[in-house]
Every structure is written in structure tokens, then in C-alpha cells.
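Listed below are the residues making up each chain.
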Amino acid sequence: GENVGLHLPTLSVQEGDNSIINCAYSNSASDYFIWYKQESGKGPQFIIDIRSNMDKRQGQRVTVLLNKTVKHLSLQIAATQPGDSAVYFCAENTGNQFYFGTGTSLTVIP
Amino acid sequence: DTAVSQTPKYLVTQMGNDKSIKCEQNLGHDTMYWYKQDSKKFLKIMFSYNNKELIINETVPNRFSPKSPDKAHLNLHINSLELGDSAVYFCASSHRTGPYGGYTFGSGTRLTVV
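Quick notes on the rules
- Residues numbered from 1 in each chain as written.
- Chains lettered and ligands numbered in written order.
- Predicted model: local features only at pLDDT ≥ 70, side-chain atom pairs only at ≥ 80, totals over all residues.
- Heavy atoms only, no water.
- Helix = DSSP H or I, 4+ residues; strand = E, 2+ residues; numbered from the N terminus.
- Buried < 20%, exposed > 50% of the residue type's maximum accessible area, 1.4 Å probe, protein only.
- Pairing = 2+ DSSP bridges.
- Salt bridge = Lys/Arg side-chain N within 4 Å of Asp/Glu carboxyl O.
- Phe/Tyr/Trp six-rings, centres within 6.5 Å; stacked < 30°, edge-to-face > 60°.

Enquirer: Sorry, what's going on with unusual backbone geometry here?
Expert: Leave glycine aside and you will find that most residues have negative phi; peptide bonds, for their part, are mostly trans. Following T7 of chain B, the chain continues into P8 of chain B via a peptide bond in cis, with omega recorded as -5°. Take P8 of chain B: it is sitting in the loop between β1 (4–7) and β2 (10–13). Phi at R61 of chain A is positive, roughly 65°, even though this residue is not glycine. For R61 of chain A, the location among the structural elements is in the loop between β5 (56–58) and β6 (62–67). The class of R61 of chain A is partly exposed, set by a relative accessible area of 31%. Despite not being glycine, K41 of chain B has its phi angle at roughly 70°, a positive value. When you line up the elements, K41 of chain B lands in the loop between β4 (31–37) and β5 (43–50).

Enquirer: Could you clarify how one ought to interpret the pairing of strand β1 (residues 10–14) of chain A in this entry?
Expert: Looking along a regular strand, one sees the side chains alternate between the two faces of the sheet. All names here are of chain A. Residues L11 and V13 line the buried face of β1, whereas the alternating positions T10, S12 and Q14 sit on a face that is not buried. Across five bridges, β1 lies against strand β10 (residues 104–109) in parallel orientation. Bridging from a neighbouring strand, T10 pairs with S105 of β10.

Enquirer: Can you help me understand the pattern of salt bridges in this one?
Expert: Any two side chains of opposite charge can pair, given that their charged atoms come close. Under the criterion given, the structure shown has five salt bridges over all chains. Note that R61 of chain A is salt-bridged to D84 of chain A, the shortest N-O span being 2.9 Å. One end of the pair, R61 of chain A, is in the loop between β5 and β6; the other, D84 of chain A, is in the loop between β7 (72–77) and β8 (86–94), and 23 residues separate them in sequence. Note on D84 of chain A: relative accessible area 6%, which makes it buried. In this structure, a network of salt bridges that share partners links the residues R63, E82 and D85 of chain B.

Enquirer: Help me out: how do you make sense of the packing of aromatic side chains in this one?
Expert: Each aromatic ring pair is characterised by the separation of its centres together with the angle its planes make. Scanning all chains against the criterion turns up 16 aromatic pairs over all chains. When the ring of Y25 of chain A is compared with that of F33 of chain A, the centres are 4.5 Å apart and the planes differ by 50°; the resulting orientation is tilted. On the accessibility criterion, Y25 of chain A (8% relative accessible area) is buried. On the basis of an interplanar angle of 90° and a centroid distance of 5.7 Å, the ring pair of Y36 of chain A and F105 of chain B is categorised as edge-to-face. Of this pair, Y36 of chain A sits in strand β3 (residues 32–38) while F105 of chain B sits in strand β10 (residues 104–105), placing the two residues on different chains.

The structure is reproduced here in C-alpha cells:
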């Protein structure tokens, strides 16, 4: 499943499918980006980051893609599991301060 | 071993009351933050302290006053609570030397004003 960020704040995917969560950031001067995962009743938790001199970074089951031309960031989750159900935030860093995007709620259907 | 701990986790209080939320971090970070998360999950920074010194003070009513007795603690005091103050408040910390690694957040304090 694919979400287009602000226009579709919720995303439902079948367990085992890949998920794509998108984020449009606002400041072309932003030089560092982080994806956070927030589970119910908890604080946001760091998942993966990327610096502006890169366009792709991979972690364990997660990949972040950065397109600076269109100021777009995406988070890909491979083989989505029920434990991936959460709200996901992108955050952009400008001048040593982070600005958080509107979250996307991911629901994994068993 | 909680890295950033906030107390209380839940706080229900009447309008007009004064309340405090406490935050402590054991990560050795020198910068701490308070964020407010509204019902739509939007996260907005309120304050930032570096080594007990206020460095960010966003447009927040002056009923909100942060206090940092030392660099491991940043408390939030709220006077004359209003219904619109109901939200989840998150404390976070980071290294001041740069943004890399982002912030470590506490588990939040859900404030309900009735």
C-alpha cells in the first residue's frame, strides 16, 4: 500500500505486504531527516535517518528515500508485521531544530 | 532503565488549577525539550533548554513556565489551566553538538483539563 501523506493520513496494509509512507517536507535548506515511529501510549521512537547528501538509506526491513528536487521523503517497510502498526512521523532538521510532519497512521491487517 | 522519564503519565485536573510535569533524562544529553501533541497527533515544540539555559521559546502562553534545575531535568509548570491545554506533553533530549541521532522522547504525559 502507498500513502500520499497529508491527504491520506491513514494507511492499512495486509500483513506480509510492503508499506510505503510518504512525507512532503517544507524547507529546501533542511539537511537531515528522521523517521519516527509512535506506538499507542508511547513517545516517538527513532527508526532511521538520512542526510541530505544521500538519496537512499537502508536499515533492517526499512528503507528511507530522499528526493530533494521535489522535497519528498518516503519510508518503505518490507514484509509489514502487526508490530509495525503505529503512527509514523517524518522530521526535517533546519538550523539544528527538528520540525515534525503530520503523522501517518499505519494499520496492519492480520 | 528508562532513558527519558516523565511523571505523571496521566493528569486530570480542573480548569484554573496549577500543575507541574517532571522530566528527567539519564543519557548525559545537554539539551532538553518540551513538545505538545494535539488530538490530531501534531507535534509542536514548546521549549528547548541547553545546559539549564533557555534556547527556544515558541509562541506559548506565559502560563507555561519551564524550569531546569540541572541539565538532566526539565520540568513544566502550567498555571491557570484551560480546557485547550488538554493534550499529550512529551519531554525529549538530545546532544547539543549536532542533530544527528535526533531526539530521545519520554513516554508522554496525558493532561486532561475538565
